[in-house]
Amino acid sequence: MHNRLIVVGENLYLNAPFMRYIERELGHLGFLEQVVKVPETGADTVTLLQQQLGQGGNVVIVTNRQSFATVSKLLATMIDDVLVLKESMLIPSKSEIYDDQSFLVQFKGCVVNVAMAEPGKTLPMFLIEHREKEGVVHLFDIDEESAAVLLEPLNRSHEVRTVLTTLTPGWIQVECLSKKYGQLENFLKGVDQLFKGKVIESTNVWAYLIHRFAKAGKTVTFAESCTGGRIAAQLTAEPGSSEIFRGSLVTYSNALKAGWLGVEKEILESYGAVSEPCVEQMLAGAKEIAKADYALAVSGIAGPGGGTPSKPVGTVFIGAKSDDTTIVERLFFEGDRNYIQEQSMLYAYKLLFRVAAAEIFQQP
């Protein structure tokens with residue numbers, strides 16, 4: 001990819017020490033393939049900039065104070081945009097990210113960082129290396145509407161846009177995008193304080209789980225029925241899972257629920273395999289067999305057949321167990337067989353995060 005530096009303003013490129021300062025900063029980032037020197041903005045400047053931007057790649061435009069506004073207006077025109085006032089500077093409204101005297105936009109196949117410089121002063125931040133200002137947080141035991149309401153003040157004060165989606169009941173994934181450099185970190189700190197004990201900041205919650213459990217010396221095991229091993233497969237897809245995972249049992253038949261996990265025959269006959277008492281005993285049996293700190297268990301009807309009026313397709317009992325806490329919940333999921341299994345798997349992990357809160361939600 002072409003990486004070019006364009007310097008607009010004679011007082012900049014005729015100042016050799018200052019140019020070396022600029023080149024050192026950009027040399028560290030690898031942007032010295034080409035240096036183009038352009039006089040104060042005029043008709044020739046417009047043509048030169050259009051030619052350079054038409055080549056694609058990454059471009060850093062360093063302008064003097066006199067040229068900054070003109071270059072901003074030119075870029076806004078080229079991307080069919082308008083100028084807005086941000087941080088006491090007029091910049092295109094489509095700027096992906098900005099900081100004091102520096103902003104970043106895209107033009108066709110070109111990523112453009114415009115920065116205003118002044119000899120004798122510290123250079124502003126070059127933003128191309130900081131282009132991706134995105135974060136992901138996961139919120140637990142809250143609904144999407146309530147989460148959106150609580151996040152809105154933080155969104156406004158930190159200029160962060162959030163997109164919320166419900167992965168499974170009570171588990172909200174929040175994608176965060178900041179346009180103002182440095183604000184995302186403060187936003188995430190605010191989220192952690194607002195939802196303390198119910199938030200994970202990570203793009204990969206299973207890698208996060210492995211890290212937390214390994215650090216705490218904790219282990220986990222699973223007993224699955226309708227999920228068919230999905231809970232185990234999700235965890236073991238991650239490197240390092242062997243540090244915390246003791247193993248699991250997929251007990252599809254009642255015979256194996258009884259023979260392997262110790263579910264009592266009376267429980268199966270009176271309540272059925274898809275029931276709270278059955279899942280309670282599945283949890284106890286798995287935890288005892290594996291000698292693990294935590295256990296998860298799932299039994300349900302994923303469909304498309306097998307449902308009854310009292311237990312229609314989508315009925316799933318999901319439980320989690322620690323040494324001193326047992327949780328079993330009845331859920332009803334909609335969708336096809338695979339989606340019901342997927343939601344059940346996610347909900348099981350949600351319950352694990354709840355019973356293992358001391359390990360999961362502790363400070364780094």
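This structure is a prediction, so every number in the text was calculated from the model and none was measured.

What counts, and where the lines are drawn
Residues numbered from 1 in each chain as written. Predicted model: local features only at pLDDT ≥ 70, side-chain atom pairs only at ≥ 80, totals over all residues. Heavy atoms only, no water. Helix = DSSP H or I, 4+ residues; strand = E, 2+ residues; numbered from the N terminus. Polar contact = N/O pair within 3.5 Å; in protein donor to acceptor, adjacent residues only side chain to side chain. Contact = heavy atoms within 4.5 Å. Axes fitted to C-alpha atoms, helices over the stretch in contact; angles between N-to-C directions. Parallel < 35°, antiparallel > 145°, perpendicular 65-115°, else oblique. Left-handed = near helix turned anticlockwise from the far one by under 90°. Nonpolar A, V, L, I, M, F, W, Y, C, P; charged D, E, K, R; others polar. Salt bridge = Lys/Arg side-chain N within 4 Å of Asp/Glu carboxyl O. Buried < 20%, exposed > 50% of the residue type's maximum accessible area, 1.4 Å probe, protein only. Pairing = 2+ DSSP bridges. Phe/Tyr/Trp six-rings, centres within 6.5 Å; stacked < 30°, edge-to-face > 60°. Expected span 1.5 Å × (residues − 1). Bend = angle between axes of the 7 residues up to and from the residue. Core = buried A, V, L, I, M, F, W, Y, C linked by side-chain atoms within 4.5 Å.

A. Fine view of the side chain of Ser275. Residue position: Ser275 is located in the loop between helix 10 (265-270) and helix 11 (276-290). In this structure the side chain of Ser275 is engaged in a polar contact, spanning 3.3 Å, whose partner is the backbone nitrogen of Cys278. Apart from the residues within four sequence positions on either side, Ser275 is in contact with Lys311 and Phe317.

B. Molecular detail of the packing of helix 5 (residues 144-158) against helix 6 (residues 183-194). It is at 10 Å that the axes of helix 5 and helix 6 come closest, and there the two elements cross at 160°. When the axes of helix 5 and helix 6 are compared, the pair comes out roughly antiparallel. Here helix 5 and helix 6 pass one another in a crossing that is right-handed. Residues Leu150, Leu151, Leu154, Asn155, Ser157 and His158 of helix 5 touch helix 6, and the partners they reach there are Gln183, Asn186, Phe187, Gly190, Val191 and Leu194. Looking at side-chain class alone, the contact of helix 5 with helix 6 contains six nonpolar, six polar and no charged residues.

C. Representation of the pattern of salt bridges within the structure. Taken as a whole and assessed by the stated rule, the structure comprises twelve salt bridges. Between Lys86 and Glu159 there is a salt bridge; the shortest N-O distance is 3.0 Å. Residue Lys86 is found in strand 4 (residues 83-86), and its partner Glu159 is found in the loop between helix 5 and strand 10 (160-168); the two are separated by 73 residues along the sequence. For Lys86, a relative accessible area of 29% gives the class partly exposed. Taking the shortest distance from any N to any O, the salt bridge between Glu329 and Arg354 comes out at 3.0 Å. On the criterion of sequence distance, the pair formed by Glu329 in strand 17 (residues 326-332) and Arg354 in helix 12 (residues 337-355) is long-range, its members being 25 residues apart. Beyond isolated ion pairs, a larger network of salt bridges with shared partners links Asp141, Glu329, Lys350 and Arg354.

D. Region of interest: the sheet that holds strand 12 (residues 199-201). Strand order in the open sheet formed by four strands is 10-11-9-12, and the pairing between neighbours is antiparallel. On the outer flanks of this sheet lie strand 10 and strand 12, each paired with one strand and no other. For this sheet the average axis-to-axis angle between neighbouring strands, irrespective of direction, equals 20°. With respect to the sheet, helix 12 is in contact with strand 9 (134-140), strand 10, strand 11 (171-178) and strand 12, its orientation differing from that of strand 10 by roughly 105°.

E. Geometry of the packing of aromatic side chains. Inspection of the entire model under this criterion finds twelve aromatic pairs. Between Trp171 and Trp206 the ring centres are 6.2 Å apart and the planes differ by 45°, which places this aromatic pair in the tilted class. Of the two residues, Trp171 is situated in strand 11 and Trp206 in helix 7 (residues 205-216); the sequence distance between them amounts to 35 residues. There is no split in this pair, since Trp171 and Trp206 are both buried. A network of ring pairs unites the aromatic residues Phe140, Trp171, Trp206, Phe222, Phe245, Tyr349, Phe353 and Phe361 as a single cluster.

F. Looking closely at helix 5. Taking 1.5 Å of rise per residue, 15 residues should cover 21 Å, and helix 5 covers 20 Å from first to last C-alpha, within 8% of that figure. Bending of helix 5 peaks at approximately 35° at the position of Leu151, with proline Pro153 no more than four residues after it. Within the sequence span of helix 5, burial applies to Ala147, Leu151, Leu154, Asn155 and His158. Summarising the contacts, the buried residues of helix 5 are in contact with strand 9, strand 10, strand 11 and helix 6. Two residues or fewer past helix 5, Glu159 is found with a positive phi of approximately 55°.

G. The nonpolar core, seen in detail. By size, the foremost hydrophobic cluster in this structure holds 40 residues, and its most contacted members are Tyr349 and Phe353. Among the elements of the structure, helix 7, strand 13 (220-224), helix 8 (230-236), strand 15 (294-300), strand 16 (315-321), strand 17 and helix 12 are those that each provide at least two residues to this core. Here this core gets ten residues from one element, more than from any other, and that element is helix 12. Here Phe353 is in contact with Phe140, Trp171, Ile200, Val205, Leu209, Ile360 and Phe361, once residues within four sequence places are set aside. Membership of the second largest hydrophobic core comes to 24 residues, among which are Leu49, Leu74, Ile91 and Phe107.

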